[in-house]
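Read off the chains here:
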Amino acid sequence: MTTLLTRIRRALDRFHAAHPWDHNAHYHRWVMRQLPRRFGSALDVGSGSGDLARLLASRAGQVQGIDADPTIVARARELTVPDAAVSFTVGDALSETPPGPYDVITCVATIHHLPFNDALLSFRRHLAPGGTLVVVGVTRAQTLGDHLLGAVAIPLNAAMAWFKNRGREAPRPVSMTAPTRPATMTYRDVVRDARRVLPGARLRRRLFWRYTLVWRRP
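Residues numbered from 1 in each chain as written. Predicted model: local features only at pLDDT ≥ 70, side-chain atom pairs only at ≥ 80, totals over all residues. Heavy atoms only, no water.

Draft legend 1. Main features of the pattern of salt bridges. Going through the model one piece at a time under the given rule, you end up with six salt bridges. The partner of R75 in a salt bridge is E78, and the shortest N-O contact between them spans 2.5 Å. Taken together, the residues R75 and E78, both in helix α4 (residues 70-79) and three residues apart, mark about one turn of the helix. Assessed through its relative accessible area of 56%, E78 is described here as exposed. The residue D189 makes a salt bridge to R192 at a minimum N-O spacing of 3.3 Å. (Salt bridge = Lys/Arg side-chain N within 4 Å of Asp/Glu carboxyl O. Helix = DSSP H or I, 4+ residues; strand = E, 2+ residues; numbered from the N terminus. Buried < 20%, exposed > 50% of the residue type's maximum accessible area, 1.4 Å probe, protein only.)

Draft legend 2. Just the pairing of strand β5 (residues 127-137), in detail. Among the 11 residues in β5, nine count as buried, and that is most of the element. Bridge count for strand β4 (residues 102-108) against β5 is six bridges, and the pairing is parallel. Residue pairing for β5: V104 is matched across the bridge by T132. Since β4 and β5 lie parallel, the crossover through helix α5 (residues 116-126) that links them has a hand, and here it is right-handed. In terms of strand pairing, β5 meets strand β7 (residues 210-216) through six bridges, oriented antiparallel. Its bridge partner being in β7, G137 is matched across the sheet by Y211. (Pairing = 2+ DSSP bridges. Right-handed = clockwise from strand over helix to strand, strands pointing away.)

Draft legend 3. Here's a closer look at the nonpolar core. Ranked by size, the top nonpolar core spans 31 residues in total, and within it W30, V31, L35, F39, L52, L56 and V63 carry the most contacts. Here this core gets four residues from one element, more than from any other, and that element is helix α3 (residues 51-56). Not counting the four nearest positions on each side in its chain, V31 is found in contact with L52, T106, V108, V134 and V136. In terms of nonpolar packing, the next biggest core, distinct from the first, is built from 28 residues, V190, V197, A201 and L203 among them. (Core = buried A, V, L, I, M, F, W, Y, C linked by side-chain atoms within 4.5 Å. Contact = heavy atoms within 4.5 Å.)

Draft legend 4. How the structure looks around a nonpolar patch on the surface. A cluster of nonpolar side chains, V152, L156 and L207, forms an exposed patch at the surface whose accessible area comes to about 210 Å². With respect to the helices, strands and loops of the structure, V152 is situated in helix α6 (residues 144-164). The class for V152 is partly exposed, based on a relative accessible area of 46%. (Patch = residues over 30% accessible without salt bridge, like charges linked within 9 Å, V, L, I, M, F, W, Y side chains within 5 Å. Areas by Shrake-Rupley, 256 points an atom, 1.4 Å probe, with all protein chains shown as cover.)

Right under this line is the structure:
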C-alpha cells in the first residue's frame, strides 16, 4: 500500500511539474470582489511578480508593492508598463513599508513568511479608517477536517492544472519562481490570533490549501 501511494504521489508530482498553475493567482479575482469599485491607494505585501498589484491598479489611484526578494521585484518591474500606477519596493514588510495609510492592503501567500501577530499589527497600523485588508494564507494541516479538505483538493487540483493549461505541457509561471517556505501555524492558530488582533475579521478555509481573511477597519 505504501509503495502504491508513493507511486501515485510521484506521478502527480510529474504531472504538476509538466502542467503548473498558480494557486495564489486563482484567488486574485476573489480578492478583487472584496474591494470597493474604486479606492485611492493600495499596498500589496509579498507582491511577487506583480500580477495582483497590476490588477489592483485597475481600480486604484496608486498601488505600492513590496517584496523581500530582489529578483522577483526586478521581474515585476520588467512586466509592468512604465505609465502604470504601480511601484515596487524591495524590503521587509514589517519595517520598510512605504508610509501609508492605505485604503486597501492585500497579502497573498506571504503572511506565513512573517511573524503572524506582528504582521497583522503592521497591516492594521498602515490601513486607513474604513480601509479593507484581504489575506489569502497557507496553514499547516492538523485536524481531520484539514486533511479531508486537502484530500478533496487533490483530484480538483489535477483537473484545474489540465484545464488551465488546456492539456498541454507548460513552463512554470513567473509568479511561481519566488522563494517559498512551508507554513507552521494551523488554521486554529490563525483564527485565534487574527480575532484577537483584528476583532470582527472574517476567516474561512478554502480549497487548494488556502484560507482567507477579510477585515475592514472601523
